[in-house]
Amino acid sequence: MTGLAVLNDQEKFPSIAAVVAAVIKEWSEHEKFVQTSLGTADEDYLSRLENVSENVLVLADGELDRFAADYRWTCGILREEQFYFARNKEYRRSTIAEAIRDVYANGAYMSRYINGLLLSQVIWQNHTQAMDIYRMRFLPGNKDNYHHLEVGPGHGLFMVYAADDPRCASLAAWDVSVSSLESTQDALKKMHVERTVDMLEAEICSIVPAPDQFDSIMCSEVLEHTEQPQKALDNMLKALRPGGRLFLNIPVNSPAPDHIYLWRKPEEIRSMVAACGYEIEDFIEIPPTGKTLEQAYKQGIDISCVAIARKPNGSMRTA
Ligand SMILES: C[S@@+](CC[C@H](N)C(=O)[O-])C[C@H]1O[C@@H](n2cnc3c(N)ncnc32)[C@H](O)[C@@H]1O
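Residues numbered from 1 in each chain as written. Predicted model: local features only at pLDDT ≥ 70, side-chain atom pairs only at ≥ 80, totals over all residues. Heavy atoms only, no water.

Novice: Explain the packing of helix H7 (residues 107-123) against helix H8 (residues 125-141) to me, please; I cannot follow it from the model alone.
Specialist: Helix-helix packing: each pair is described by the crossing angle between the helix axes and the interaxial distance. Where H7 meets H8, the closest approach of the two axes is 6 Å, and the angle between their N-to-C directions is 80 degrees. Taken together, H7 and H8 sit at an angle that is classed as roughly perpendicular. Only Gln-125, His-127, Thr-128 and Met-131 of H8 make contact with H7, whose side of the interface consists of Leu-117, Ser-120, Gln-121, Val-122 and Ile-123. (Axes fitted to C-alpha atoms, helices over the stretch in contact; angles between N-to-C directions. Helix = DSSP H or I, 4+ residues; strand = E, 2+ residues; numbered from the N terminus. Parallel < 35°, antiparallel > 145°, perpendicular 65-115°, else oblique. Contact = heavy atoms within 4.5 Å.)

The following block contains the structure:
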């Protein structure tokens, strides 16, 4: 069975079907995109996506129609930014102050945006694949009893998977937005996560982290929100223990209201991560829904870059 059949067979993958049905009910013109996204997925992949979708339904908490409306709204604001980017070849904002003023400080805006991104975890190929790599390669590759930090947890879905992992010894979350931390807290409550998560309102470039705290850091779609991603990478390197691992997901050419640092080529990201002192274990480039990687390169459109990187054993602590 491929993903296309999911749209017709609600019994096999009921949660994917429920999310898809709500989105198409809200936005019928989006059906083709959804079909393209799910169309090539095989049964194993769909089984894992069904699990993500079950969690998404729990987080939507009976308000799936509202989340579907927020998803449509989020796609609308991203489209406006794409038009701006196509005309100007730059992101609209370039400072954190602008992003705070226009996005992070607006609780209602942030909440819709985060809800929209939550549903994208079922519908956008680049997001579903990045989640799959996180669950299937990154978390299982951590050492036993790992201490885990997520930077920028937003909707909290990634955090739920770390919290579910019995090999994870402790959980922490740092985010610049109080509203995002509230969304994460809310997600953990809805998923009946009983473990304590050490939550901190923190900006990843300016925080002065205690050294050697974590064995695992997850940082997905955050560094493009920073002015100086090298500082964020330095801070995460410092916070990692030697041998500790970082999961990074950063898009190139990906305009959004709160994206301020523009990478135009995946290689720029790989070089920056290596230059900051990490050993790169894996680097995966994921094109957007319906495009090949070759097309994405040729058209200069977004590519999600997932890096799994390691703090070298025996590395000197950064100052
Ligand atoms: C686009 S959301 C990503 C959510 C989730 N990690 C994902 O991949 O779907 C970005 C998150 O990073 C947070 N964030 C943005 N800039 C940040 C910064 N400089 N320091 C810490 N958190 C930041 C935002 O508040 C938000 O929760």
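Novice: I'm lost on helix H12 (residues 266-275) in this one. Help?
Specialist: Among all positions of H12, only Pro-266, Ile-269, Met-272 and Val-273 are buried. Seen from one end, H12 has its buried residues packed into an arc of 125 degrees, which puts them on one side. For H12, the secondary structure elements touched by its buried residues are helix H11 (229-239), strand S5 (240-252), strand S6 (279-286), helix H13 (293-299) and strand S7 (303-310). Within two residues after H12, Gly-277 carries a phi angle of roughly 110 degrees, on the positive side. (Buried < 20%, exposed > 50% of the residue type's maximum accessible area, 1.4 Å probe, protein only. Arc of directions from axis to C-beta.)

Novice: Please explain the environment of Ala-69 as it appears in this structure.
Specialist: Positionally, Ala-69 belongs in helix H5 (residues 64-88). Relative accessible area serves as the criterion here: at 22%, Ala-69 is assigned to the partly exposed category. Distance from Ala-69 to Leu-49, taken between C-alpha atoms, is 21 Å for residues 20 residues apart in sequence. With sequence-adjacent residues up to four places away left out, Ala-69 is seen in contact with Glu-26 and Arg-112.

Novice: What is the right way to look at the sheet that holds S6 in this model?
Specialist: Ordered by their spatial adjacency, seven strands build an open sheet running S3-S2-S1-S4-S5-S7-S6, and the pairing between neighbours is mixed. One side of each edge strand has no neighbouring strand; the edge strands of this open sheet are strand S3 (197-201) and S6. In this sheet, adjacent strand axes meet at a mean angle of 15 degrees when their direction is disregarded. Inspection of the sheet shows strand S1 (residues 146-151) paired to strand S4 (residues 214-220) by four bridges, in the parallel sense. Opposite His-148, over in S4, you have Ser-216 as the bridge partner. Taken strand by strand, helix H10 (residues 178-190) contacts strand S2 (168-175) and S3, and its axis lies near 165 degrees from that of S3. Where H11 meets the sheet, it contacts S1, S2, S4 and S5, and its direction lies at approximately 150 degrees from that of S5. (Pairing = 2+ DSSP bridges.)

Novice: Quick question: what am I supposed to make of the site of the ligand here?
Specialist: Among the 23 residues in the neighbourhood of the ligand, the closest are listed as Gly-152, Asp-175, Ser-180, Glu-203 and Ser-220. Between Asp-175 and the ligand, the recorded distance is 2.6 Å, taken from a side-chain N or O atom to an oxygen atom. Contact with the protein chains removes 98% of the 590 Å² of surface that the ligand exposes when unbound. Put simply, the parts of the chain that give the shell around the ligand at least two residues each are helix H6 (96-104) and H7. Considering each element in turn, the shell around the ligand owes the most residues, three residues, to H7. Broken down by class, the residue content of the shell around the ligand amounts to ten nonpolar, nine polar and four charged. (Near = heavy atom within 4 Å. Polar contact = N/O pair within 3.5 Å; in protein donor to acceptor, adjacent residues only side chain to side chain. Areas by Shrake-Rupley, 256 points an atom, 1.4 Å probe, with all protein chains shown as cover. Nonpolar A, V, L, I, M, F, W, Y, C, P; charged D, E, K, R; others polar.)

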